[in-house]
Amino acid sequence: MNQKSNMHVDGESDGRTVPTKCPNKSGKPLAEGMEGRRPTKENIEQTTASQTQSWVNASSGLLGVREAAKQEGKTRFTALLHHVTVALLLDSFYALKRDAAPGVDGVTWKEYETDLDKRLEDLHSRVHQGTYRAQPSKRAYIPKAEEDFLGFSYGFRPGRSQHQALDALWVGLIRKKVNWVLDADIRDFFGSISHEWLGKFIEHRIADRRILRLIRKWLRAGVSEEGVWAKTEVGTPQGAVVSPLLANVYLHYAFDLWAQHWRKHRATGDVIIVRYADDIVMGFEQRADAERFLQEWKERLRKFGLELHPDKTRLIEFGRFAAEDRKRRGEGKPETFNFLGFTHICAKNQKTGGFSVDRKTIRKRLSAKLKAVREELRRRWHEPVAEVGKWLRSVVQGYFNYHAVPGNIDSLQSFRAQVVWHWSRALQRRSQKSRMPWERFGPLVARWIPSATILHPRPAMRFNARYLR
């Protein structure tokens, strides 16, 4: 077995992370992601039957594409557009969030559902005739060769969540011989992607010129300034910022394949890699490997119009021997690094005394969230107490759903306590005559504010590293 691990997850996505895009796992009916779907009022039986048959055909076709991508790594797909059927567009529509914010055209999900059949027929016709005009959009859903991505790639992939990436990193740091961590940040990644190189990367697997033309239209249309991922920077040579899905393809070729080859053929010790979109953390056994990799990586990124941020890219001593070695040299505690909302800290297992890694909510993130809560409480100054309580419950529970990982209970309790304090202050300021005693406020807290509880399993329970040859 090769001792260089390909950090990989076997299993479902985190139960508390709800995907906002069309599910595309093979072996599962697409309808599982379409709660609330219903046929039009007219010709119900005929429409349902035809849509079912169309869905079966589309599903079989896409399954065939996926299997081909899995088995033939160099296959180029010359005919893909015929898989974009009215039935597939319908399924994709009903997989969208109904309460999501409208796009730049201002049309809500409910409004688009009006005369949905006619809208989708028109969209389908324009796509296949080549007359479709892409508008600036917040998201772009395109056919993806999911089978091509490597195991350590987690961002914006079905069945792969941020917590799986966090667990993969934790397990790699514990199980592998890691003494140095490279915490890397690509400067203005989404705004610096070369569309020319992206086109070449996509053409590695897609030869259908109609699909390529559609993708180029999306790229030229760009992402609106209200987009959820990135803004177009003034003076950016490429003009528009690409979607995270296309960015994932870009990094697959510009980084993943190269880093995997470097790890197997150039490294002298263990190397682990975890990437979530453009957020990359690597662990090295040998410092010389880490320094050589960093230098060669900078050169490779320049080829693709990218660069590492000099102030946010660090090589730090981190691992099971870091604290001991630094103490012997008269240095301070090992440095920490941040990844996906958590500060990672060298620690000891309280039961065994062995090496462990603590994960704490990043302080700046916690402070920023509390500031947002405080400002919103001011805005809701005169709303009924029950309405504010419902809102606070959803905020606190949502915060816990992400941050309630093992070892982070202190941060959770601190967040809850400060939310309670801010709510108490807000209620007291509503009346200048009397304060709200705990006898009245306590039951409100018990009713509306969830208790701090660890919700996620230990990384080793949810994640099992697979070592590939």
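The structure this text deals with has already been given above.
Let us look at the structure shown here. Computed from a predicted structure; not experimentally measured.

1. Topic: the overall build of the protein
Then, in step 1: Looking only at helices and strands, one finds 16 helices and seven strands in the protein.
Then, in step 2: Sequence-distant contacts in the protein: of pairs separated by 6 or more residues, those separated by 24 or more amount to 74%.
Then, in step 3: Here the protein has roughly 25300 Å² of accessible surface; of this, 49% comes from carbon and sulfur atoms.

2. Things to note about the sheet that holds strand 4 (residues 314–317)
Then, in step 1: Overall, antiparallel pairing links the four strands, which are arranged 2-3-1-4 in an open sheet. Pairing within the sheet leaves two strands with one partner each, and these edge strands are strand 2 (271–276) and strand 4. Recorded for the sheet is a direction-independent mean angle of 15° between the axes of neighbouring strands.
Then, in step 2: With four bridges connecting them, strand 1 (residues 180–185) and strand 4 associate as antiparallel partners.

3. As for the pattern of salt bridges
Then, in step 1: This model, assessed by the stated rule, comprises 18 salt bridges.
Then, in step 2: A salt bridge links Asp-256 to Arg-275, with the nearest nitrogen and oxygen atoms 2.8 Å apart. One end of the pair, Asp-256, is in helix 9 (residues 244–265); the other, Arg-275, is in strand 2, and 19 residues separate them in sequence. The residues Asp-256 and Arg-275 share a single accessibility class, namely buried.
Then, in step 3: Ionic pairing is found between Arg-326 and Glu-317, a salt bridge with its closest N-O pair at 3.7 Å. Judged on exposure class, the residue Arg-326 and its partner Glu-317 are both buried.

4. A few points about the pairing of strand 1
Then, in step 1: Counting buried positions along strand 1 yields five of six residues, so the element is predominantly enclosed.
Then, in step 2: Pairing of strand 1 with strand 3 (residues 279–284) involves six bridges; the strand directions are antiparallel. Across the sheet, Trp-180 pairs through a bridge with Phe-284, a residue of strand 3.

5. Thoughts on helix 9
Then, in step 1: In this model, helix 9 (22 residues) spans 30 Å end to end at C-alpha, consistent with the 32 Å of a helix rising 1.5 Å per residue.
Then, in step 2: The sharpest bend along helix 9 comes to roughly 45°, located at His-252.
Then, in step 3: Most of helix 9 is tucked away: 18 of the 22 residues are buried.

6. Remarks on the sheet that holds strand 6 (residues 342–348)
Then, in step 1: Spatially, three strands are ordered 5-6-7 in an open sheet, and the strand pairing comes out antiparallel. Of all strands in the sheet, those with a lone pairing partner are strand 5 (337–339) and strand 7 (355–361), marking the two edges. Put simply, the sheet's adjacent strands are angled 40° from each other on average, direction ignored.
Then, in step 2: Here strand 6 runs beside strand 7; their pairing, made up of seven bridges, is antiparallel. Counted as the bridge partner of Phe-342 is Thr-361 from strand 7.
Then, in step 3: On top of the sheet, helix 5 (residues 162–175) reaches strand 5, strand 6 and strand 7; it is set at about 150° to strand 7, its chief contact.

7. Notes on the packing of aromatic side chains
Then, in step 1: Counted according to the given criterion, the structure contains 17 aromatic pairs.
Then, in step 2: Arranged with centres 5.0 Å apart and planes meeting at 40°, the rings of Phe-255 and Trp-297 form a pair that is tilted. Of this pair, Phe-255 sits in helix 9 while Trp-297 sits in helix 10 (residues 287–303); the two residues are 42 residues apart in sequence, bridging distant segments of the chain. Neither Phe-255 nor Trp-297 differs from the other in exposure class; each is buried.
Then, in step 3: An aromatic cluster is present here, built from Phe-255, Trp-258, Trp-262, Phe-284, Phe-293 and Trp-297 joined pairwise through their rings.
Then, in step 4: Over the face of the ring belonging to Trp-197 we find Lys-200, whose NZ or CZ atom lies 4.7 Å from the ring centre.

8. Digging into the packing of helix 12 (residues 363–379) against helix 13 (residues 385–403)
Then, in step 1: Running from N to C, helix 12 and helix 13 cross one another at 170°; their axes reach a closest spacing of 12 Å. One way to sum up the angle between helix 12 and helix 13 is to call them roughly antiparallel. Counted together, Leu-366, Lys-369, Val-373, Glu-376 and Leu-377 of helix 12 and Val-388, Trp-391, Leu-392, Val-395 and Tyr-399 of helix 13 form the full contact between these two elements.
Then, in step 2: A per-class count over the contact of helix 12 with helix 13 returns eight nonpolar, no polar and two charged.

9. Considerations on the nonpolar core
Then, in step 1: Ranked by size, the top nonpolar core spans 38 residues in total, and within it Phe-189, Tyr-250, Phe-255, Met-282, Phe-284, Phe-293 and Trp-297 carry the most contacts.
Then, in step 2: Those elements that provide at least two residues to this core are strand 1, helix 6 (189–192), helix 7 (195–203), helix 9, strand 2, strand 3 and helix 10.
Then, in step 3: Ranked by the residues each element gives to this core, the list is headed by helix 9, at eleven residues.
Then, in step 4: Setting aside chain neighbours within four positions, we find Trp-297 in contact with Leu-182, Ala-184, Phe-255, Trp-258, Ile-280 and Leu-308.
Then, in step 5: Phe-318, Ala-322, Phe-337 and Phe-342 belong to the second-largest nonpolar core, a separate cluster that totals 31 residues.

10. Some points on helix 12
What sets the pattern is the α-helix's 3.6 residues per turn: residues three or four places apart point alike.
Then, in step 1: With 17 residues, helix 12 extends 25 Å between its outermost C-alpha atoms, agreeing within 8% with the 24 Å of an ideal straight helix rising 1.5 Å per residue.
Then, in step 2: Within the sequence span of helix 12, burial applies to Leu-366, Leu-370, Val-373, Glu-376 and Leu-377. Down the axis of helix 12, the sector holding all buried residues measures 125°, keeping them to one side. For helix 12, the exposed residues set more than 90 degrees away from the buried face come down to Lys-364 and Arg-379.

11. Regarding a positive patch on the surface
Then, in step 1: Together, Lys-371, Arg-374, Arg-378, Arg-425 and Arg-429 give the surface a local cluster of positive charge.
Then, in step 2: Among the elements of the structure, helix 12 and helix 14 (409–429) are those that each provide at least two residues to the positive patch.
Then, in step 3: With three residues, the single largest contributor to the positive patch is helix 12.
Then, in step 4: For Arg-378, the location among the structural elements is in helix 12.

Each value, and the rule that gives it
Residue positions are given per chain, counted from 1 along the sequence in the order it is written. The model is predicted, so local features are restricted to residues of pLDDT at least 70 and side-chain atom pairs to those at 80 or more, both for listing and for counting; the totals for chains, interfaces and linings are taken over all residues. The side-chain values count all of the structure's non-hydrogen atoms but skip hydrogen atoms and water molecules. The helix and strand labels rest on DSSP assignments: H or I over at least four residues marks a helix, E over at least two residues marks a strand, and numbering proceeds from the N terminus. In this analysis, two residues are considered to be in contact whenever any of their non-hydrogen atoms come within 4.5 Å of each other. All accessible-area figures derive from a Shrake-Rupley calculation using a 1.4 Å probe, and residue coverage is judged against the displayed protein chains alone. Only strands joined by at least two bridges in the DSSP assignment are considered to pair. Structural elements are reduced to axes, namely lines fitted to C-alpha atoms, with helices fitted over the stretch in contact, and the angle between N-to-C directions of any two is expressed from 0 to 180 degrees. Just to be clear on terms, a salt bridge is a Lys or Arg side-chain nitrogen sitting within 4 Å of an Asp or Glu carboxyl oxygen. Using a 1.4 Å probe on the protein chains alone, a residue whose accessible area is under 20% of its type maximum counts as buried, one over 50% counts as exposed, and one in between counts as partly exposed. An expected span of 1.5 Å times one less than the residue number is assigned to each helix. Think of it this way: the bend at a residue is just the angle between two axes, each fitted to seven residues, one set ending at that residue and the other starting at it. Stacked, tilted and edge-to-face are the three classes applied to pairs of Phe, Tyr and Trp rings, where Trp contributes its six-membered ring and a pair requires centres within 6.5 Å; stacked means planes under 30 degrees apart, edge-to-face means over 60, and tilted covers the rest. Should the NZ of a Lys or the CZ of an Arg lie within 6 Å of a ring centre and within 35 degrees of the ring normal, that charge is described as sitting over the ring. Any angle that falls under 35 degrees is termed roughly parallel, while one over 145 is termed roughly antiparallel, one within 65 to 115 roughly perpendicular, and all others oblique. Asp, Glu, Lys and Arg are counted as charged, while Ala, Val, Leu, Ile, Met, Phe, Trp, Tyr, Cys and Pro are counted as nonpolar; the rest, among them Gly, fall into the polar class. Residues belong to one nonpolar core when they are buried, are Ala, Val, Leu, Ile, Met, Phe, Trp, Tyr or Cys, and are joined through side-chain atoms within 4.5 Å. Summarising the geometry, the arc corresponds to the directions from the helix axis toward the C-beta atoms. Excluding any residue in a salt bridge, patches collect residues exceeding 30% relative accessible area, merging like charges within 9 Å and nonpolar Val, Leu, Ile, Met, Phe, Trp and Tyr side chains within 5 Å. As used throughout, the charge tally considers Lys and Arg to be positive and Asp and Glu to be negative, leaving His and the chain termini uncounted. Every charge is mapped onto a representative atom, which is NZ of Lys, CZ of Arg, CG of Asp or CD of Glu.

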